[in-house]
Amino acid sequence: MAKPLNVAILNWGSPSNSGVGELFLNAMVESYPSTVTRVALTSDVDAATRDRWRSGEALLLPMTMRPRPALATADFMRFNKRTSPGAADAAASYLADSDIELLWIVVNHPVVVPFALQLIGRVKMPYIAAAWDEVAYQCRLVRLDGKLRRRITADAQSLFDGAIGFSAISTQMRDKYLLNRPGTPSRVMRYVPPVELHQEPRCDLGRSDRSTQLLLAGSLYAVSEWNALVRAIGNSRTQGKELALTHVGSRMRGVHLPSWISTLDNRPIGEVSSLLNAADVGYLPYWRQGWKREYTRTAFPTKLASYVASGVPVLFHGPADCAAAQEVRDLRLGVVCDSNRAADLLAAIDQITEPEFVKRFRQARKNALDGPLDPRQLQRDFKWLVDKAFDAE
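Residues numbered from 1 in each chain as written. Predicted model: local features only at pLDDT ≥ 70, side-chain atom pairs only at ≥ 80, totals over all residues. Heavy atoms only, no water.

How would you summarise helix α12 (residues 355-370) if you had to cite specific residues and measurements?
If you check α12, its first and last C-alpha atoms are 23 Å apart, about what 16 residues at 1.5 Å a residue would give, namely 22 Å. Of the residues making up α12, those classed as buried are F357, V358, F361, A364, R365, A368 and L369. What you see down the axis of α12 is that its buried residues fit within an arc of 125 degrees, all on one side. Exposed positions of α12 whose direction lies more than 90 degrees from the buried face are P355, K359 and D370. Residues of α12 that are buried sit in contact with α9 (302-309), α10 (323-331), β14 (334-337) and α11 (342-352). (Helix = DSSP H or I, 4+ residues; strand = E, 2+ residues; numbered from the N terminus. Expected span 1.5 Å × (residues − 1). Buried < 20%, exposed > 50% of the residue type's maximum accessible area, 1.4 Å probe, protein only. Arc of directions from axis to C-beta. Contact = heavy atoms within 4.5 Å.)

An account of the pattern of salt bridges is needed here, citing residue identities and associated values.
Two side chains with opposite charge may pair up if their charged atoms get near one another. Here the structure, examined in full by the defined rule, presents 19 salt bridges. For D280, the salt bridge identified is with R202, shortest N-O distance 3.0 Å. Here D280 is found in the loop between α8 (269-278) and β12 (281-285), whereas its partner R202 is found in the loop between β8 (186-188) and β9 (212-217), with 78 residues between them in sequence. The partner of R376 in a salt bridge is D374, and the shortest N-O contact between them spans 3.0 Å. Look at R376 and you get partly exposed, because its relative accessible area is 44%. Connected through salt bridges with shared partners, the residues R202, D204 and D280 form a single ionic network. (Salt bridge = Lys/Arg side-chain N within 4 Å of Asp/Glu carboxyl O.)

Outline α10, listing residues and values.
Buried within α10 we find A323, A324, A325, E327 and V328. Once α10 ends, the next one or two residues include R332, with phi positive near 60 degrees.

Please set out the sheet that holds strand β11 (residues 262-264) residue by residue, giving values where relevant.
Sheet strands pair via backbone hydrogen bonds, and the direction of the pair is either parallel or antiparallel. Read from one edge of the open sheet, six strands run β11-β10-β9-β12-β13-β14, paired in parallel fashion. Looking at which strands have only one partner, the edges of the open sheet turn out to be β11 and β14. Recorded for the sheet is a direction-independent mean angle of 20 degrees between the axes of neighbouring strands. Two strands pair when backbone bridges link them, and β9 and strand β10 (residues 243-248) are joined in this way by six bridges, in the parallel orientation. (Pairing = 2+ DSSP bridges. Axes fitted to C-alpha atoms, helices over the stretch in contact; angles between N-to-C directions.)

Written as structure tokens, this is what we have:
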């Protein structure tokens, strides 16, 4: 390769956001030796036109799609017809002025799809597509109607088919979206906290002479599963079993929070890592029922890698046939419980805290962080796909 390509990342979300998406993008380009700029679609209509992010400059393109569920489809169509063409012109000029040679398109919101297709039509440059969640799932989250969902899903597939490279959050998602072009250079890319935040499992992990501490770190969205665990632990506490449960982060309505549960608001990632390390079990619930269940098959929650990096085994409480459950089983990083029955949940907690299980977890964790969950793999995969783009040119 003669020289590294100048790359622009297109996505939904402001570079000033502190969420996991920004952690992912910053880590991905950390060691890349050339220009990486951003074109960011944002709901902050008062945002400045230009911004900075850790790796360079960003062009911000505010959109006025308001969070009104009943009118989400109309707002989306209005943006796509009235605002998007002018925004695509501005982005095309920005990319030309910045000497950008390759687009990296992160499809993390439905609005990215039509905008990306407009932009590609203007700049005529190669691009790599990245899928973080299934597009149909994203459409349902923002309450788009069925006809528009189907159109955006089809357009997204066209976008993926035209990419010279592709990345996804799981093997299952990659296989689904590359069905038409299985030979496309691709990588499964995930964020894992940096090495400086890793903590070894505690020496007393799995000991039976202390209460068992379960901790969920991050957004709590699988309400039914959480509530089932709360009922199971509540019943066991009345029978003298010492189990404690803590949640750190934001939570949806309908979550049961009896007085014996500890709660904390969002904390910096370093503090969360220490809280996890002080626990015995990292609890990771995923939807087992309803329309969201079908999308768990390809999804991969960042919590899983964070738990492992922090030195705590994973109790995955969700569908046994999804990507995350398969990873937990294959890498021997914890226990999968696809049940809301109290007896099954308590049996899973007993299993994951057995001394022999903890002993195996210590070695399995090391193997995972030296292999598929190596935090440096994200940068390697980014460079590999960009190099493939150069070869294609």
